[in-house]
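# Observations on chain architecture
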Amino acid sequence: DTAVSQTPKYLVTQMGNDKSIKCEQNLGHDTMYWYKQDSKKFLKIMFSYNNKELIINETVPNRFSPKSPDKAHLNLHINSLELGDSAVYFCASSPDFAGTQYFGPGTRLLVL
Amino acid sequence: GDSVTQMEGPVTLSEEAFLTINCTYTATGYPSLFWYVQYPGEGLQLLLKATKADDKGSNKGFEATYRKETTSFHLEKGSVQVSDSAVYFCALSGGGTASKLTFGTGTRLQVTL
């Protein structure tokens, strides 16, 4: 069974479009995260949610809007996509704030 | 703020060679330290972790010791295999009410026969 899953795995779209990436974890964890990995493999936190509440928002443009319908899901919606949004987006979860984070397989987004 | 510095890659080794990937950190308080590994085309997997000074994390022949005096968490393996070829990330978590992982830039390891 997949612990942290993301859909889609690949996403190719045009500039200006709106797209969503979904994340689900079946580990019973309270905390979920979104990270962005750029073309040089650098990873940076974007958001963190705990029990459906936003905890961390790391100066991400407001075109990015996370939504957590329940504590097992954290989706990422991106409006007006730009070329610079091309990256791999990773979802992660942890049992609590200090716990080990478990990562999903990533969603590779390419904006043309 | 918190930061992690890793040695630049790529690191190219022959099979059965000894591996060291250096990692140093800057953080307030007492962070937890991690090594994650990313195999080609895959997500990140936790390799090992240490939560307090002098702890040694180990897994799959890899090990790293949390050295508070030198603020380091160097990754070592005595004998690498071709299957160890991947990108290795050092990371820290400050804990508390707004925990997040702060990553180093990653070090690509290429092991050849």
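In short, a report on the structure. (Residues numbered from 1 in each chain as written. Chains lettered and ligands numbered in written order. Predicted model: local features only at pLDDT ≥ 70, side-chain atom pairs only at ≥ 80, totals over all residues. Heavy atoms only, no water.)

### Considering the overall build of chain A
For the record, the criterion: Working definition: helices are DSSP H or I runs of at least four residues, strands are E runs of at least two. Numbering for both runs from the N terminus. Only C-alpha atoms enter the radius of gyration; for comparison, a globular chain is expected to reach 2.2 Å times N to the power 0.38, where N is the number of residues. Relative accessibility decides the category of a residue: with a 1.4 Å probe and only protein chains considered, values under 20% of the type maximum give buried, values over 50% give exposed, and everything between is partly exposed. Per-residue and other accessible areas follow the Shrake-Rupley method at a 1.4 Å probe size, with only the shown protein chains counted as cover for residues.
Each helix and strand counted, chain A has 0 helices and 11 strands in total. In chain A, the succession of helices and strands from N to C terminus is β-β-β-β-β-β-β-β-β-β-β. Computed over its C-alpha atoms, the radius of gyration of chain A comes to 13 Å, within 12% of the 13 Å expected for a compact globule of 112 residues. By principal-axis analysis of the C-alpha atoms, chain A measures approximately 35 × 30 × 25 Å. Within chain A, the fraction of its 112 residues that count as buried is 46%. Element-wise, carbon and sulfur atoms account for 50% of the exposed surface of chain A, whose accessible area totals about 5,500 Å².

### Some thoughts on the environment of Pro105(A)
The condition is simple: In this description, contact between two residues means that some pair of their heavy atoms is separated by no more than 4.5 Å.
Mapping Pro105(A) onto the fold places it in the loop between β10 (102-103) and β11 (107-111). Taking C-alpha positions, Pro105(A) is 9.4 Å from Ala92(A), a pair spaced 13 residues apart along the chain. Not counting residues within four places of it along the chain, the set of residues in contact with Pro105(A) comprises Val4(A), Ser5(A), Gln6(A), Phe90(A), Glu42(B) and Gly43(B).

### Comments concerning the pattern of salt bridges
So the rule is basically this: Any carboxyl oxygen of Asp or Glu within 4 Å of a side-chain nitrogen of Lys or Arg constitutes a salt bridge here.
Considering all chains together, one arrives at 7 salt bridges over all chains under this definition. Notably, a salt bridge pairs Glu58(A) with Lys100(B), separated by 3.1 Å at the nearest N-O pair. Residue Glu58(A) is located in the loop between β6 (53-57) and β7 (64-70), and its partner Lys100(B) is located in the loop between β10 (86-93) and β11 (101-103); the two belong to separate chains. Of the residues examined, Lys100(B) reaches a relative accessible area of 24% and is grouped as partly exposed. We note a salt bridge from Glu82(A) to Arg63(A), for which the minimum N-O separation is 3.5 Å. You can see Glu82(A) sitting in the loop between β8 (73-78) and β9 (87-94) and its partner Arg63(A) sitting in the loop between β6 and β7, a full 19 residues away along the chain. On the accessibility criterion, Glu82(A) (40% relative accessible area) is partly exposed.

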